[in-house]
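Descriptive analysis of the structure
Okay, here's what each chain looks like letter by letter:
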Amino acid sequence: MDFIFSLLFLGIIYVLLIIYFRSRDPELHWNWARLNVDDLSFPEGFIWGAATAAHQVEGACDNNNWHAWEQGGDGDGRDRIRGGAVSGAACEHWTRYPEDIRLMSNLGIRAYRFSLEWSKIEPEEGKFNQAALDHYSVVVDALLTAGIEPMITLYHFTHPIWFMKKGGFEKLENVAFFQRFCEKVFNEYSDRVKKWCTINEIEVEATQSYFKGDWPPGKQDGQIMGKVMQHLLEAHVRVYRALKILPNGDKVEIGLVKNIFQFDPWRPWHLADNLAGRLLNRVFNDSIIDFFTTGRFKIFIPGLVTVDHFNSQALHSNDFIGLNYYSHLPVKFKWDRNDFFEFRARPTEIPTDMEYSIYPEGFYRALKQIGKLGLPIYVTENGIADFQDDRRKHYIRRYLYALSRAISTGSDVRGYYYWSLLDNFEWAEGYEMKFGLYQIDFNTQKRVLRDGAVAYQEIIARHD
Ligand code: GAL
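Residues numbered from 1 in each chain as written. Predicted model: local features only at pLDDT ≥ 70, side-chain atom pairs only at ≥ 80, totals over all residues. Heavy atoms only, no water.

**Here's the deal with the pairing of strand S11 (residues 377–381)**
The side chains of a regular strand alternate, first on one face of the sheet and then on the other. Burial analysis of S11 places 5 of its 5 residues in the buried class, the great majority of the element. Pairing of strand S8 (residues 320–328) with S11 involves 4 bridges; the strand directions are parallel. Residue pairing across strands places Leu323 opposite Val379, the latter belonging to S11. Here 3 bridges tie S11 to strand S12 (residues 413–419), and the two strands are oriented parallel to one another. (Buried < 20%, exposed > 50% of the residue type's maximum accessible area, 1.4 Å probe, protein only. Helix = DSSP H or I, 4+ residues; strand = E, 2+ residues; numbered from the N terminus. Pairing = 2+ DSSP bridges.)

Put into structure tokens, the structure is as follows:
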């Protein structure tokens, strides 16, 4: 009898724990057969845009941490970049930007998010290259002339080699170098550029570069990962405050760009999957949102990483929040001391060419989650890698439906920047991932609008 009661008791505890985990941010699934994805509405003045990042499109980024990384193998004969690719000439966007601006106009977009390549602007410590500064000034003017509003990202995964040699963002004291660069470029363009993103996806850079070791500098150390997250958050807060007191600071919007992948349990009823997912959500999503609502950045994975940091200035350090959203990553627990989980795309969902599937309901959830910050939201990235171009249209229509639904239920979303305008250098995936609205033949640099991208063009035309 006692045994049966104990079993019953444990069963109840188990069920209660599962209910607790499942209630936090439940995995939504809509009945798409009953939904009308053309039923869209967007607020007056909603911004339709597209996004890129310097290293992925410009070409000749040969003085930064990624360039250094691309040149080497990883020591065991494996390529660091898929197919042994190097970013090289990329999309030659540095010289072809006038054509690319015409492509934007052809799509009907009115906003362009791009990043400045720090290593071109400050190739040596403290020495600024006037030609590079002038280049971006010309690009800004060309965009404005075309009626396209520029949004600048100050840091999108790349930094100069001299900064890398100093230890990059592993060292808190190096934040001062980044701040100096930001102040310099802000003074150059803030008379014309009204939207500024400080740092792109702190959590992605920290994980890939310092935990998984797939990105430069290829480290695998949870504690360093945590420190880098802390330092990048500090960099954001300091840069925000420094720019706000410069001329035009009060006239522009400045915000961080946060990526959200939800770590849903692969088996909803499985305690270990729920626990692993909860831990990952805590470390990569909640911790950053908490930092901006409480000033405290706290992450803890036993034996792996402990960070507890407080800065009250974090509380008012965003005029908006940028959200990058692609999908969720269902987590399956493994009995392996060194690698206690794996990600698995749900077989019931349509795959993309990346490791994750199409999951528009997650976009809705992410908008609600990021909305907890109480800030205006710009969707600074959203898009699909789809080599065959047989899912892009579907993706665009469903994700924009989710966006519209989030707005109609109260989310304060002001704009949407599709990732990406062009096929480009997809970091460790090289050139094999095709995210572009425009396909590029990298032998000829010819750009062609993808059929699937027409869905975006049509929605913009209907809702502009
Ligand atoms: C984001 C990143 C972009 C791009 C995109 C597609 O995480 O900011 O640079 O690579 O993913 O995977």
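What follows continues from the structure just given.
**Points about the site of the ligand**
Residues in contact with the ligand, as listed here, are Gln56, His156, Phe157, Asn200, Glu201, Asn324, Tyr326, Glu381, Trp419, Glu426, Trp427 and Phe435. At a separation of 2.8 Å, an oxygen atom of the ligand approaches a polar side-chain atom of Asn200. A distance of 3.0 Å separates an oxygen atom of the ligand from a polar atom in the side chain of Trp427. Protein contacts shield 94% of the accessible area of the ligand, which totals 310 Å² for the unbound molecule. Its atoms largely coinciding with the cavity grid, the ligand occupies the largest pocket. Each residue belonging to the shell around the ligand can be placed in one class, and the counts come to 5 nonpolar, 4 polar and 3 charged. (Near = heavy atom within 4 Å. Polar contact = N/O pair within 3.5 Å; in protein donor to acceptor, adjacent residues only side chain to side chain. Areas by Shrake-Rupley, 256 points an atom, 1.4 Å probe, with all protein chains shown as cover. 1 Å grid on protein atoms, 1.4 Å probe; cavity = no way out; pocket = protein on both sides within 12 Å on 5 of 7 lines; lining within 4 Å. Sits in = over half its atoms within 2 Å of the grid points. Nonpolar A, V, L, I, M, F, W, Y, C, P; charged D, E, K, R; others polar.)

**With respect to helix H10 (residues 222–244)**
With 23 residues, H10 should cover 33 Å at 1.5 Å per step; its first-to-last C-alpha distance of 33 Å lies within 8% of that length. Among the 23 residues in H10, 17 count as buried, and that is most of the element. The N-terminus of H10 is capped by Asp221, whose side-chain oxygen sits 2.9 Å from the backbone nitrogen of Gln223. (Expected span 1.5 Å × (residues − 1).)

**Brief notes about the pattern of salt bridges**
Throughout the structure, instances matching the rule amount to 37 salt bridges. Taking the shortest distance from any N to any O, the salt bridge between Lys244 and Asp319 comes out at 2.8 Å. Highlighted residues: Lys244 in helix H10 and Asp319 in the loop between strand S7 (305–310) and S8, separated in sequence by 75 residues. Judged by its relative accessible area of 22%, Lys244 falls in the partly exposed class. Lys334 is the salt-bridge partner of Asp339, the closest N and O atoms lying 3.2 Å from each other. Using a relative accessible area of 34% as the deciding quantity, one classes Asp339 as partly exposed. Lys334 sits in the partly exposed class, given a relative accessible area of 24%. Look at the salt bridges and you will find they share partners, linking Asp353, Asp386, Asp390 and Arg391 into a network. (Salt bridge = Lys/Arg side-chain N within 4 Å of Asp/Glu carboxyl O.)

**Regarding the sheet that holds strand S2 (residues 111–115)**
The parallel closed barrel is built from 8 strands, whose spatial order is S1-S2-S3-S4-S5-S8-S11-S12. Mean inter-strand twist for the sheet, computed between neighbouring axes without regard to direction, equals 30°. Note that strand S1 (residues 47–51) and S2 share 3 bridges and pair parallel. If you follow Ala51 over to S2, its bridge partner there is Arg113. Running over the sheet, helix H14 (residues 454–463) touches S1 and S12 and is turned about 155° from S1. (Axes fitted to C-alpha atoms, helices over the stretch in contact; angles between N-to-C directions. Contact = heavy atoms within 4.5 Å.)

**Some points on unusual backbone geometry**
For the peptide bond that leads from Pro216 to Pro217, omega is 5°, which places it in the cis range. For Pro217, the location among the structural elements is in the loop between helix H9 (202–210) and H10. Cis geometry is found at the peptide bond from Trp419 to Ser420, where omega equals 10°. Note on placement: Ser420 falls in the loop between S12 and strand S13 (438–441). The phi dihedral of Glu201 falls on the positive side, at around 50°, and the residue is not glycine. Inspection of the secondary structure puts Glu201 in the loop between strand S4 (195–200) and H9. Unusually for a residue other than glycine, Trp427 sits at a positive phi of about 50°. On the secondary structure map, Trp427 appears in the loop between S12 and S13. We classify Trp427 as buried; its relative accessible area is 4%.

**Points about the packing of helix H4 (residues 93–107) against helix H6 (residues 130–145)**
At a minimum axis separation of 10 Å, H4 and H6 run at an interaxial angle of 15°. One element, H4, and the other, H6, form an angle in the roughly parallel class. Crossing of H4 against H6: the hand is right-handed. Residues Trp94, Tyr97, Ile101 and Met104 of H4 form the contact with H6, whose own contacting residues are Ala132, His135, Tyr136, Val138, Val139, Ala142 and Leu143. Classifying every residue of the contact of H4 with H6 by side-chain character gives 10 nonpolar, 1 polar and no charged. (Parallel < 35°, antiparallel > 145°, perpendicular 65-115°, else oblique. Left-handed = near helix turned anticlockwise from the far one by under 90°.)

**Some thoughts on empty space enclosed by the protein**
Applying the stated criterion across every chain, the model contains 3 cavities of 30 Å³ or more. Looking at the largest cavity, its volume works out to about 80 Å³. Around the largest cavity, the lining comprises 14 residues; the ones closest to its centre are Glu58, His93, Phe114, Ser115 and Tyr136. Mapped by element, the contributors of at least two residues to the lining of the largest cavity are helix H2 (54–57), H4, S2 and H6. Among the residues forming the lining of the largest cavity, the class breakdown is 9 nonpolar, 4 polar and 1 charged. If you add up the space inside the second largest cavity, you get close to 40 Å³. Lining of the second largest cavity is provided by Asn65, Trp66, Phe157, His159, Glu205, Ser209, Tyr210, Trp215, Pro216 and Pro217. Broken down by element, the lining of the second largest cavity gets its largest block of residues, 3 residues, from H9. (Points joined across faces, edges and corners; volume = space filled by probe spheres on them.)

**A short note on helix H11 (residues 271–294)**
Its 24 residues give H11 an end-to-end C-alpha distance of only 29 Å, which falls more than 12% under 34 Å, the value for a rise of 1.5 Å per residue. For H11, the principal kink sits at Arg282 and spans about 45°. Among the 24 residues in H11, 18 count as buried, and that is most of the element. (Bend = angle between axes of the 7 residues up to and from the residue.)

As far as function goes, none of this settles anything; it's purely spatial.
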